[in-house]
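Examination of the molecular architecture
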Amino acid sequence: MTTYLDHAATTPPRPAARAALQRWLDVANPSSTHLPGQAARVAVEQARDQVASALGCSPHEVVFTAGATEADNLAVKGIVWAANQHRPGGRPHLVTTAVEHPAVLDPARWLAERGEATLSIVPAGADGRVDPEAVLAAVRADTVLVSVMAANNELGAVNDVPAIAAALAEREVAVHTDAVQAVLTREVDVGDWGVDALALSAHKLGGPAGVGVAVLRRGLPVVPLLHGGGQDRGVRSGTLAAGLDAACGVALEQTVAERSVLTPRLRDLSDRLAAGLLALDGVQRNGPADPTARLVTHLHVSIDGVDADALAVALDRAGLAASSGSACGSGAAASSHVLASIGARGTPLRLSLGWPSMDQDVDRALQVLGEVIPRLRRGVVRPATVRVEH
Ligand SMILES: Cc1ncc(COP(=O)(O)O)c(C=O)c1O
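Here is what the cut-offs are and how they apply
- Residues numbered from 1 in each chain as written.
- Predicted model: local features only at pLDDT ≥ 70, side-chain atom pairs only at ≥ 80, totals over all residues.
- Domains from an automatic or database assignment.
- Contact = placed C-beta atoms within 7 Å.
- Helix = DSSP H or I, 4+ residues; strand = E, 2+ residues; numbered from the N terminus.
- Buried ≥ 20, exposed ≤ 12 C-beta atoms within 10 Å, placed from the backbone.
- Pairing = 2+ DSSP bridges.
- Axes fitted to C-alpha atoms, helices over the stretch in contact; angles between N-to-C directions.
- Parallel < 35°, antiparallel > 145°, perpendicular 65-115°, else oblique.
- Left-handed = near helix turned anticlockwise from the far one by under 90°.
- Nonpolar A, V, L, I, M, F, W, Y, C, P; charged D, E, K, R; others polar.

Notes on the domain arrangement of the protein chain
- Taken domain by domain, the protein chain consists of domain 1 (3–9 + 260–377) and domain 2 (15–255).
- Taking only C-alpha atoms, the centre of domain 1 and the centre of domain 2 are 28 Å apart.
- Taken together, the contacts link 25 residues of domain 1 with 21 residues of domain 2.
- Of all elements in the fold, only α8 (242–278), β10 (298–303) and α10 (337–342) reach the threshold of two or more residues within the side of domain 1 that touches domain 2.
- Residue contributions to the side of domain 1 that touches domain 2 peak at 4 residues, all from α10.

Quick notes on the environment of T97
- Structurally, T97 is set in strand β3 (residues 93–97).
- Accessibility expressed as a C-beta count within 10 Å gives 28 for T97, which makes it buried.
- Separated by 50 residues in the primary sequence, T97 and S147 have C-alpha atoms spaced 7.5 Å apart.

A few points about the sheet that holds β10
- Overall, antiparallel pairing links the 4 strands, which are arranged β9-β10-β13-β12 in an open sheet. On the outer flanks of this sheet lie β9 (283–286) and β12 (323–324), each paired with one strand and no other.
- By the bridge criterion, 2 bridges tie β12 to strand β13 (residues 347–352) in an arrangement that is antiparallel. Following the sheet pairing, S323 is matched in β13 by R350.
- Each of β9, β10 and β13 is contacted by α8, which is oriented at about 5 degrees to β10, the strand it contacts most.

A short note on the packing of helix α2 (residues 35–55) against α8
- Running from N to C, α2 and α8 cross one another at 30 degrees; their axes reach a closest spacing of 8 Å. The orientation of α2 relative to α8 falls into the category roughly parallel. The handedness of the crossing between α2 and α8 comes out as left-handed. Where α2 approaches α8, its residues A40, A43, V44, Q46, A47, Q50, V51 and A54 are matched on the opposing element by A242, D245, A246, C248, G249, V250, L252, E253 and V256.
- Of the residues contributing to the contact of α2 with α8, the split by class is 12 nonpolar, 3 polar and 2 charged.

Written out as structure tokens, the structure is:
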């Protein structure tokens, strides 16, 4: 049986989310006026209410998307396009950071390459956090959007998004945040944070893949990515996916309800994992040293003297699923723009916890890594001999 420590990549759906998906999968179109359609509509609107109360915004501000990639694209492109409509001929300026997920960085660069915007990319510090002052210093008179992630997906480094939003509150600059990784273990409140747009993904918190949320505050001008049937106030055309939306709503509601218990539980697991792993020779932590400045779910390390591909193969053989630095790995890839930007060396490994993580996952990971790392350094390529007891 595999020990799964790659929850930052995706985490299993919670039982209640599976049940909601199943319950509303086989229903009518929520936009239909007949009774089955209206029942499906009720499910979608209930999910919207759940999301809104979990995130401290109004249900009208919640747009269901196909995931955070779409939600990030909608905010970045939609806000810039709306500014272009408003001021034709001008090239609005947008500010983002070097450690954003490609779902933000790529549309931002794409807009700049097409001449639709000018772009400033603010570097992160050596611990992967972004200095709010550096972000604010990049804001100009023609800036229309600042996009800073709440927490980084590779390092778990947490940014002070509320401080950035507060400093820009009196300016005509929209603030967007990708809160995909933060929301499982940290409070995310659109109203308290003062952000104008936010992106979430259900499959990172115990919902299914293929659904996410864009929060777009009332009055925020956004040009849609998709044109068609005009659903969701014309911001996101396409038949509403009752099952996916209902499962997303339930997963987020449970996340918030359980967070005060889950976060300390995962902190204990993560502390034990870190203590064991960092006690091995030649293993250093990447990301913030200050525990309050990183997510309890993420442990990112660099390992000296171990080949990335050999590590990936050895971990697979030993039944430990983590994000390693092999060419095809995700989340801790050796070629990662995040690691390049903080100047990390060595072979990267990200171990990430999620809502189902248990003590035995940590025990097993430490057992496997304690055996595999020294063995790879000795250049022994036989399969791992660690026994799995589950
Ligand atoms: C920080 C961050 N943003 C965006 C995404 C994209 O989310 P989705 O898979 O829902 O498109 C991910 C997922 O890898 C992520 O970690």
